[in-house]
Every structure is written in C-alpha cells, then in structure tokens.
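Structure at a glance
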Amino acid sequence: MPKVKLSEYATSTVKEVCASFNNKEGELINVLHQVQQKLGYLPAEVQELVAKELNMSAAKVYGVVTFYSFFTMVPQGENPISICMGTACYVRGGEQVLDEFKRQLKIDVGETTADGKFSLSALRCVGACGLAPVVLVGEKVHGRVAPTDVRKILSECKDGCLT
Amino acid sequence: MTDYKMHILVCGGTGCRASQSEKIVDAFKSELETRALDDEVKVIATGCFGFCEKGPIVKIIPDNTFYVQVGVVDVKDIVEEHVIKGRPLKRLLYHDPATKSQVTDTAHIDFYKKQVRIALRNCGFINPENIDEYIARDGYAALGKALSEMTPADATQLVKDSGLRGRGGGGFPTGLKWEITAKEKSDQKYVVCNADEGDPGAFMDRSILEGDPHSVIEAMAICGYCIGASKGLVYIRAEYPLAINRLKIALEQAREYGLLGDDILGSGFNFDIDIRYGAGAFVCGEETALIHSMEGHRGEPTFKPPFPSVSGYLGKPTNVNNVETFANVPVIFNKGVEWFSSIGSEKSKGTKVFALAGKVNNVGLIEVPMGITLREVIFDIGGGIRGGKKFKAVQTGGPSGGCLTEQHLDTPIDYDNLIAAGSMMGSGGMIVMDEDDCMVSIAKFYLEFTLEESCGKCTPCRIGNKRLHEILDKITKGKGTLEDIERLRVLGNVIKDTSLCGLGQTSPNPILSTLDNFYDEYLAHVNDKKCPAGQCKDLVRYEIDPDACTGCTLCFRNCPVGAISGEKKMPHYIDQTLCIKCGVCYEKCRFKAISIV
Ligand SMILES: Cc1cc2nc3c(=O)[nH]c(=O)nc-3n(C[C@H](O)[C@H](O)[C@H](O)COP(=O)(O)O)c2cc1C
Ligand code: SF4
Ligand code: SF4
Ligand code: SF4
Ligand code: FES
Ligand code: FES
C-alpha cells in the first residue's frame, strides 16, 4: 500500500475519537468503528496513529482490523454496491446477480473500479429476505433483483442517484 | 392508546422500509393533517409484522384491518375510504389464494393462524420508540414484580421451572445458567445479550430489537437482579443500524423512567446497560469469542471450561443469553410458569421464532409453538412452494445445521427431534428448497461461508474445511470421483471431533446431512457428470427446442451476452461458446422451449 501522509483533518479526527474513549486500549473496536465511519476506511497510517494514541502496538491494531470483515483498508467507490449472499438470497438467485455485476463492472468482490465510481462487496442477510435477492447501493435497497436489472441499477447510479 | 379514536400502524421493519414504508408514514401524517384528522388518528411506525412477503404492511386499529402491499399512492384512498367513510378498502386486503376471497384481519390469514406470539408479542403492535406503549402492554411489570415481591433465588427458580431453553442455538436451560452464575462469588458480574445473529439468512433477533427493544432490556435487568450483576452489555452487529438506533432510544427512555440506573423502583437494585458493536465476524457469536471481542481483541474462541458463567468478561462471571431468550422472560413472569409450560412439547417449552425463507410463497418472520411439524410450517404458514414446484428440502440451523427432507415433514419441531433427524434448531434460520436447488451446491455454499468465517486458530477447521471445499468444488465441476465422496465423510467426521469451538465442530454438518439424504445427487455429479437440478454451470447446457420455439424474441432481447440469435417468428438458437449459463432465457421463455440438459 502506498504511504500517504495523513491530512490534518484525519489526524485530528483520530485523536478526537481516541480521546472520547479516554484513550483506553479496551475500546479499540469502538474507536475503529467511529474512525471508519468518519474517514471511510482505515489505511495503515490511520492504524498507526490509533495505536499510538491508545498506547498499544500497531501490529495488534492491524490484527484486529484484518480479523473483522466490517473494517476495510481500501477506500470504497462512490457507489458502494453490496450484493446479499445470505442463504435466502442465494437460493433465489443472488449468485447470478453477483456474477452479472462482476461482468459488467469488470471487478471482483472487494474491488473498486479504476474510475472510483463503483465498488463491489458481498453481504450476509440484510433482513429483507422477503425481497430476495437483494442488492444495496449505499443505503438504498433494491429488492427482487434479476440479472437483467443490473444494467438499469448501474445506469441509475451514473445519473447521480447518490451524488 | 386511549386518546385517539384510531391508530394506523405502518410496518417499519427492514423489509418494508426497503419498499418505502417510511414515505407511507409521512404521507399518512400529511394527509391526516390536511383533513384535520391528526387529533383523532395516530400514525405509528412499528417493527416487523412478520408477513414481509406482502409488505409494506399497514394495519388499522381498532378495526384490525390488515392491508398488504401498500404504496404511497394508496394512502389517500385509505384515508378517504377507511378512516373517513369507515369501510375497508377492498383492493388492498389480503387475497387468500386457496379460497380466492378477501380477508380483512390477521386472525383469518393462514400465515398467522398457527402462530403463537410470545417473543414477538409486541412486534407490529407498538411504536418501539415510545416506552409508554410498551408499558401499556404490561411492560416492566415483570421487573417490578421481581424486585418488589421476589428474592433473586425465587425469581431464578421461576425461570428454571418454566423450562425455557436458550434460543441462540444450543438450547441450554436458561434458569440453570442463571443459577450457576448467581452462585459464583465476585465483586462484579455481567449480563450479556448476544445480538450478533451470525446465521446468514436470518433476522429474528434483529426484528425483536427493532420492534420491541424494551422486552430485552427488561429481561436483562431481571437477569441482573437474579445473578447479582449491576452491569449489562448488548453485543450487536454494526450492520444493524436501525436496531442499534432503536435500542439506544429505548435505553435512554428506560433511564429517564428510572427503570435503569441506580435504585431501580426504589428497590436499592442498580443496573445499567452499554452497547458493544460486532464487526462482521460470524465466530463472534460464539460466547467466548464474543467476550474477547467485547474486550477489544480479535474474536477468537477459547476452550471451555472455564465457562463464561465462571470467568467471562474481564475475567468476571458473565451470563450470556440470546436476544430471543431474553424476550421470552418478562411474559413468563407476567403470565406464570404454568401458562408457559403448557405451550410446546415435553422437553422444549414455549415457542421458537423462525426466519422462513427460500422457495416458499410466504417469506417472513414466524413464531410457532414447539412441537409443530415442518409440514405445517412450510405448507400452512408458508403457503407451500412457489410456482407450484416440488418441495425438496428444508435447511435449519444455518451453517451448523443440516438439510431435512420429505420424510421429516411430519416430525414435531423441537431441540431433540431436530438433532435426531440430523439437523439442529439453530438460531432460527429456515430455508426451504425446491427441485431446482442442487444439494451439492448448497453444501458448498455453506462451506464457503464457514471457510471465510473460520478464525484460523485450530488446524482441523482451518485446513480441513479448505480440503472439503476443494473436493466439493471438484464434484460440482464434474471432476469428482467416488473416493472423493468417501473422503468428504471421513474428513468431515475428523473435523467434527477435533475442532476447538462450535464453528468447526458443526461446519461439516451441511455436507454430512446432504450425503445422508441426497447421496444419489452426489453420485449423479460423479458418475454421470450431471447436475440433476441443473444448477452446476459446468455440467449443464441451455438448449432451445426448435419445434416449441415460437420466435417471440423474448430470450434474444434478455440474454446479457448476446448468445441468442434468430429471426422474428423463427426458431432461435443459442451459441454455446458465448453462453455464460445465467439462466435468464430459461426463466423468460413463456413457451417452455428452453431446456437445461
Ligand atoms: C460458531 C457459533 C456461532 C454462534 N452464533 C450465535 C449467534 O449469532 N447468536 C446467539 O445468540 N448465539 C450464538 N451462538 C451460541 C452462543 O455461543 C451461546 O451459546 C448463546 O448466545 C447462549 O445464549 P442462549 O442460551 O440464550 O441461547 C453461536 C455459537 C457458535 C459455536
Ligand atoms: S474451530 Fe474454527 S472458528 Fe473455532 S477456534 Fe478453531 S479455527 Fe477458530
Ligand atoms: S423466449 Fe422461448 S419461444 Fe421466445 S424466442 Fe426464445 S426460445 Fe423461442
Ligand atoms: S443462459 Fe444466459 S447467457 Fe446463456 S443463452 Fe440463456 S440468457 Fe444467454
Ligand atoms: S438473505 Fe438476503 S436479505 Fe436475508
Ligand atoms: S418488515 Fe414489514 S412485515 Fe416484515
């Protein structure tokens, strides 16, 4: 991963979040949640700073970030697309929908398109099994999605449904 | 709920919110305001009604009229017809597919007839963001009773006598767990609520927290009183923003009312609850891993004993229960042990909530008495298999469970019967499969999940499951041998016996149970290089029968890769070198001209 120098905003955000948890080591996961919510992702430099603020080793912070799938070390695309791969969605064709997204965007799960517009991830049950198969674009839920709907969902995003 | 003449309940569960139910709430509010009815009619966003298949749901009280698939555009009509003229709006009533008649209330809808609601008693009835509505339905009466009339030992005995068993999967007797934790001597103890809900394809716990968070808070306080803990923690998935939000509001309101905090109801008992967030690791649902995660570490399980009841959070005695287990507790105090133990089967008392999904007509959240049969659940409540297809299997217990078949349909559902049949109760995922589902692929799907979620601490689970997956992959690609099938069985049993935690110990179950019940299907993949269900891409081809094809061009227009060619009104043709086997043409053709071979 390329070394980036943290912006002043990022540095002060990390420090503030850590301080709000009294810089306690045991609060690491809560700290990471808030930092990711504010900065979007957790690159190595952010992890190092968190480690310093909580007075623990960067290796341990890295160990925790990589253990939990909710934490990400790469920035998301402008339109984060998540396909539900919970069982209910799987048996109603979620995999075919995922395949079609991969094919059209030419990226794999966990990747972001070169122009930074789209990223693709797989989720496990978003609680809308009645609408299976389900696709999330940001927070917006698309239900009963067929592979043939993929093009429409993508073009809606390009028209700026999220921005 | 006395001040208003009428209440309009709009489902605010995740499924219905995905279909814009929040906008329906807003539309009702503004429509009522324009007509100056907002003093008489109150609009409430509730938790999930369970009938997600037909969402968004709107229910009108006191008439008990149940509207399905309501849209923002229908709001004006409902207000005009129902609220003002007092007659139900026929076109939005539930249409019974069997009798072809319209049904006005839930009591007459098959989906609800066989359900018994204990844990879900308030979901869909109250506004989860208003504590007064919970209190109006006997909320916090159980806590009051325990604190003022009972000793901790009496209260624990009551839970023991009820026969309540853990709903998180294991089925351990709840009262006994409380008693063990109560006996430990320590300056500090903890009550933990497990809201990690890892089963991919289930949303019971989430719906309870979204629809009735106070029932869990009340039960945790009762548990704290019984075991001698002043602190509670809810470990909840960060992916559940709505549940988290409603829980936070509920905690705040409970504190305001003096139902949490110091000297609760003047009893001298102190108790408060904090929230801890999960971060997407299935193994953290296992209680020792969950505790490590709450302490800020990687969520790796550790060997039991010591059990959390003895040494848990920060090394202190900790009682861990599941959300649904807690949600049952207040009712048991209010209605009594006899009432509770009269429901259910001999060894499994009460009810179980299931997230019924897959190929049934009525997908949703259901609560049924223990002892009901799978047939009743799938065919009466679930309304049978979609599209008139044939039932093939039902999977319970998520990635730790197994697939049951036709022969198990009349088995009464309880903890012990499901294990005897080769599956388990699990936390409540119930996925129904039909003739189009390939059981080898299903086994592979679950194994992919466990493989991704294995924490990697012990070798049988980390390496063993990888080997199992490689073998399954070979079989679904038509490259498997008979020895491979045997190897699945042998290796599966080794992993079961030698893994450290429940995840590894149960991970081979989906394979072992499909091997037992669908051995022929494995054989077909290996010997004939065929996938009988037509799902394994490497083993199927889509072909158009020129005699049946009318040349309607529908398949041609829908094929995502342009693999289909043909003139209008002439037979079409699939170029096998281009086809990616997505199955779209097969689904679209209305003349059954396309077959999977
Ligand atoms: C791999 C694994 C995952 C688990 N996931 C959950 C879960 O998501 N929710 C839950 O309540 N219990 C889960 N459990 C069971 C818990 O370890 C624990 O037994 C349960 O929370 C106890 O509560 P109960 O007695 O009320 O069921 C899981 C166990 C294992 C081995
Ligand atoms: S069985 Fe699997 S999940 Fe459990 S401790 Fe071992 S590697 Fe980790
Ligand atoms: S959809 Fe069916 S009938 Fe129509 S052109 Fe295709 S194969 Fe022929
Ligand atoms: S299966 Fe999919 S890719 Fe193949 S011909 Fe049919 S629509 Fe086209
Ligand atoms: S499995 Fe996809 S929403 Fe539940
Ligand atoms: S989410 Fe509305 S009925 Fe389940």
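All values derive from a computational prediction rather than experimental measurement.

1. A few points about the site of ligand 4
Among the 13 residues in the neighbourhood of ligand 4, the closest are listed as C559, C579, C582, V584 and C585 of chain B. Residues of the shell around ligand 4, tallied by class, amount to eleven nonpolar, one polar and one charged.

2. Here's the deal with helix α7 (residues 152-162) of chain B
All names here are of chain B. Within α7 the residues assigned to the buried category are A155, T156, L158, V159 and S162. Take α7 and look down its axis: the buried residues cluster within an arc of 150°, on one side only. Facing away from the buried side of α7 by more than 90 degrees, the exposed set consists of A153 and D154. Directly beyond the C-terminal end of α7, a positive phi value near 80° is found at G163.

3. So, the domain arrangement of chain B
Residues and elements named next belong to chain B. What the domain assignment reports for chain B is domain 1 (6-109), domain 2 (131-338), domain 3 (351-434), domain 4 (439-527) and domain 5 (541-596). Distance from the C-alpha centre of domain 3 to the C-alpha centre of domain 4: 22 Å. Each side of the interface is counted separately: domain 3 has ten residues, and domain 4 has 14 residues. Ranked by residue count, the leading element in the side of domain 3 that touches domain 4 is strand β14 (residues 402-405), at three residues. Looking at the side of domain 3 that touches domain 4 residue by residue, the class counts come to four nonpolar, six polar and no charged.

4. Description of the domain arrangement of chain A
Domain boundaries in chain A define domain 1 (8-67) and domain 2 (79-158). For domain 1 of chain A versus domain 2 of chain A, the distance between C-alpha centres works out to 30 Å.

5. Comments concerning the environment of H82 of chain B
All names here are of chain B. If you trace the backbone, H82 turns up in helix α3 (residues 75-84). Judged by the 20 C-beta atoms lying within 10 Å of it, H82 is buried. A C-alpha to C-alpha distance of 32 Å links H82 and A250, two positions 168 residues apart in sequence. When sequence neighbours within four positions are dropped, the list of residues in contact with H82 reads I60, T65, R87, P88 and L89.

6. Considering the site of ligand 2
Residues and elements named next belong to chain B. Residues in close proximity to ligand 2 total 14 residues, the closest being C455, C458, C461, C501 and G504. Secondary-structure elements contributing two or more residues to the shell around ligand 2 are α18 (459-476) and α20 (502-506). Looking at the shell around ligand 2, its residues break down into eight nonpolar, four polar and two charged.

7. Concerning the sheet that holds strand β15 (residues 429-434) of chain B
All names here are of chain B. One open sheet accounts for five strands, arranged β12-β11-β15-β13-β14; its pairing is mixed. On the outer flanks of this sheet lie β12 (364-369) and β14, each paired with one strand and no other. Going from strand to strand, the sheet's axes swing by 30° on average, the running direction of each strand aside. The sheet contact formed by strand β11 (residues 351-358) and β15 spans four bridges and is parallel. Of the residues in β15, the one forming a bridge with L356 is M430.

8. Some thoughts on the sheet that holds strand β3 (residues 135-137) of chain A
Residues and elements named next belong to chain A. In spatial order, the strands read β2-β1-β3-β4; together these four strands make up an open sheet with mixed pairing. Strands at the two margins of the open sheet, each flanked by one partner only, are β2 (118-123) and β4 (140-142). Between one strand axis and the next, the sheet turns by 25° as a mean value, whatever way the strands run. As paired elements, β3 and β4 share three bridges and run antiparallel to each other. Its bridge partner lying in β4, L136 is registered against V141. Contacting β1 (79-84), β2 and β3, helix α6 (residues 94-105) runs over the sheet at an angle of about 150° to β1.

9. Here's the deal with the interface of chain B and chain A
Counting residues at the interface gives 38 residues for chain B, matched by 35 residues for chain A. Contributing elements (two or more residues each) for the side of chain B that touches chain A: α1 (14-18), β11 and β15 of chain B. Partitioning the side of chain B that touches chain A into residue classes produces 18 nonpolar, 14 polar and six charged.

Thresholds, definitions, all that
Numbers given to residues run from 1 along each chain, matching the order in which its sequence is written. Lettering for chains starts from A, numbering for ligands starts from 1, and both go in the order in which the items are written. Local features in this predicted model are restricted to residues of pLDDT 70 or higher, and side-chain atom pairs are both shown and tallied only at a pLDDT of 80 or more, whereas totals for entire chains, interfaces and linings draw on every residue. By definition, a residue lies near a molecule or strand provided its backbone-derived C-beta atom is within 6 Å of it. Under the scheme applied, nonpolar residues are Ala, Val, Leu, Ile, Met, Phe, Trp, Tyr, Cys and Pro; charged residues are Asp, Glu, Lys and Arg; polar residues are all the others, including Gly. Each residue is classified by how many other C-beta atoms fall within 10 Å of its C-beta atom, where C-beta atoms are placed from the backbone; a count of 20 or more means buried, 12 or fewer means exposed, and values in between mean partly exposed. Here a strand is any run of E in DSSP of at least two residues, a helix any run of H or I of at least four, and the numbering for each starts at the N terminus. In this description, the arc belongs to the directions extending from the helix axis to the C-beta atoms. What fixes the domain bounds is an automatic or database domain assignment. The contact rule is simple: place each C-beta atom from the backbone, and if two of them lie within 7 Å, those residues are in contact. In this scheme, strands are said to pair when DSSP sees at least two bridges between them. To obtain an axis, a line is fitted to C-alpha atoms, over the contacting stretch when the element is a helix, and the angle between two such axes runs from 0 to 180 degrees between their N-to-C directions.

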